[in-house]
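# Breakdown of the fold
Here is what each chain is made of, one letter per residue.
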Amino acid sequence: MSAIYKSLIWGERVSLAVLDTTALVNEAISRHGLSPVAAAALGRTLTATAYLCSWLKDEKSALSVILNGGGAGGKIFAVGDGALRMRGFVENPQVSLPPRADGKLDVGGFVGRRGTLSVIRDDGDMPFSGASELVSGEVAEDFSAYFLTSEQRPTAIALGVKIGTDGRCLGAGGVFLQPLPGAGEEALSRTEKKIAEFSNISAQIADMGAAKVLLGIENAPYSERKFCYQCHCSEARAAAAVISLGREDAMALIAERGEISVHCDYCNTDYRFGAADVEKLFSEKA
Ligand SMILES: [Zn+2]
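Residues numbered from 1 in each chain as written. Predicted model: local features only at pLDDT ≥ 70, side-chain atom pairs only at ≥ 80, totals over all residues. Heavy atoms only, no water.

## Here's the deal with the overall build of the protein chain
Summing up its helical and strand segments, the protein chain has 10 helices and 12 strands in all. Expected size for 286 residues packed as a compact globule is a radius of gyration near 19 Å; at 21 Å, the protein chain falls within 12% of this value. Overall, the C-alpha framework of the protein chain stretches about 65 × 45 × 35 Å when taken along its three principal axes. Relative to its 286 residues, the protein chain shows a buried fraction of 51%. Within the protein chain, contacts between residues separated by at least 24 positions form 63% of all contacts whose residues are at least 6 apart in sequence. For the protein chain, the accessible surface area stands at approximately 13,300 Å², while carbon and sulfur atoms represent 50% of it. (Helix = DSSP H or I, 4+ residues; strand = E, 2+ residues; numbered from the N terminus. Rg over C-alpha atoms; globule rule 2.2 N^0.38 Å. Buried < 20%, exposed > 50% of the residue type's maximum accessible area, 1.4 Å probe, protein only. Contact = heavy atoms within 4.5 Å. Areas by Shrake-Rupley, 256 points an atom, 1.4 Å probe, with all protein chains shown as cover.)

Structure (structure tokens):
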């Protein structure tokens, strides 16, 4: 089970969150057949998106993130809601890249370094949308830049996804250190120094778990919330998409292809409707 642990530390001047997203990343690997570098890129993005979702005001609020960096993996999409139901996909899930010189997965090459990180948040009031320029395509630095320029909240971030030789995720997660408004320069520089200790956060999550990572930073009371991989698509929603084509166009597609297939990118599910299904949909509607 994936979870986020949150605490107020250093005299309640800094908000600390540690996430374990191992199960979430493994679900994404199963659904999309992700290559190791694709799993790392989507996993880091899902981790940061889950953190953003943890600040949403209620379960109906939703948030989506798009990384568009022009890299080998294409665009990366991650979505979640206030109940921490997460989902996401990458345009090119099977692309593999040679490792970097230091042996790590080349997430920057997969994401790309020229483009934007955009966030759309809908919490029932005015929808908010913000964007920032990508810095390195390594995701953590890109989200740090987003928090600073678009939300005016300096945030020190470490993200990591460790993939085993069998292609499964062994450990994934992140650490977020965000000074509260008015915390001062000293708190800010302390977060930056601290975050450098988590360059191998995926191994730390795998070895000791996220709660222990949090307690290792400061032994303070913390909250825990679970999250999961869950898509919003359904047979009924797919049927509504078929109906929205109109009877004439739907029948033309059936004549041409024998069926209408509605694909959900987020969970990689195909909903198929044959001639009889489509007839039934339109006769029920009438
Ligand atoms: Zn779906």
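## Focus: the nonpolar core
Within the largest apolar cluster, 49 residues are counted, with the highest numbers of intra-cluster contacts made by Leu67 and Phe143. A total of 12 residues in this core trace back to one element, the largest contributor, which is helix 2 (residues 36-53). If we skip the residues at most four places from it in the chain, leucine 67 touches Thr45, Gly74, Lys75, Ile76, Val111, Thr116, Leu117, Leu134, Val139 and Phe143. Counting 23 residues, the second-largest nonpolar core is a separate cluster that includes Ile9, Leu16, Ala210 and Ala211. (Core = buried A, V, L, I, M, F, W, Y, C linked by side-chain atoms within 4.5 Å.)

## Some remarks on the coordination of the zinc ion
Taken together, Cys231 (SG), Cys233 (SG), Cys264 (SG) and Cys267 (SG) make up the full set of protein donors to the zinc ion, lying 2.2 to 2.3 Å away. For the zinc ion, the four donor atoms in the first shell make angles of 100 to 115 degrees at the metal, so the coordination geometry reads as tetrahedral. Counting residues between consecutive donors of the zinc ion along the chain gives the motif C-x1-C-x30-C-x2-C. Separated by 33 residues along the polypeptide, cysteine 231 in the loop between strand 10 (223-229) and helix 8 (235-244) and cysteine 264 in strand 11 (residues 259-264) bring together distant segments of the chain. The class of cysteine 264 is buried, set by a relative accessible area of 11%. (Donors = N, O, S within 2.8 Å, 3.2 Å for Na, K, Ca; no water. Tetrahedral: all angles 85-135°; square planar, octahedral: opposite > 155°, others 65-115°.)

## A few points about the environment of lysine 57
Position of lysine 57 among the secondary structure elements: in the loop between helix 2 and strand 3 (62-68). Residues lysine 57 and glycine 124 lie 67 residues apart in sequence; the distance between their C-alpha atoms is 9.3 Å. Residues in contact with lysine 57, not counting those within four places in the same chain, are Asp123 and Asp125. One polar contact links the side chain of lysine 57 to the main-chain carbonyl oxygen of aspartate 123, over a distance of 3.4 Å. (Polar contact = N/O pair within 3.5 Å; in protein donor to acceptor, adjacent residues only side chain to side chain.)

## Considerations on the pairing of strand 7 (residues 128-133)
Where strand 6 (residues 116-122) meets strand 7, six bridges bridge the pair, whose relative direction is antiparallel. The partner of isoleucine 120 across the bridge, within strand 7, is serine 129. (Pairing = 2+ DSSP bridges.)

## Here's the deal with the side chain of serine 136
Of note, serine 136 is situated in the loop between strand 7 and helix 4 (140-151). On the basis of relative accessibility, which here comes to 12%, the residue serine 136 falls in the buried class.

## Observations concerning the environment of serine 234
Along the chain, serine 234 turns up in the loop between strand 10 and helix 8. Residue serine 234 is classed as partly exposed on the basis of its relative accessible area of 27%. Considered as a pair, serine 234 and cysteine 264 are 30 residues apart in the sequence and their alpha carbons are 9.2 Å apart. For serine 234, the side chain forms a polar contact with the main-chain nitrogen of arginine 237, separated by 3.1 Å.

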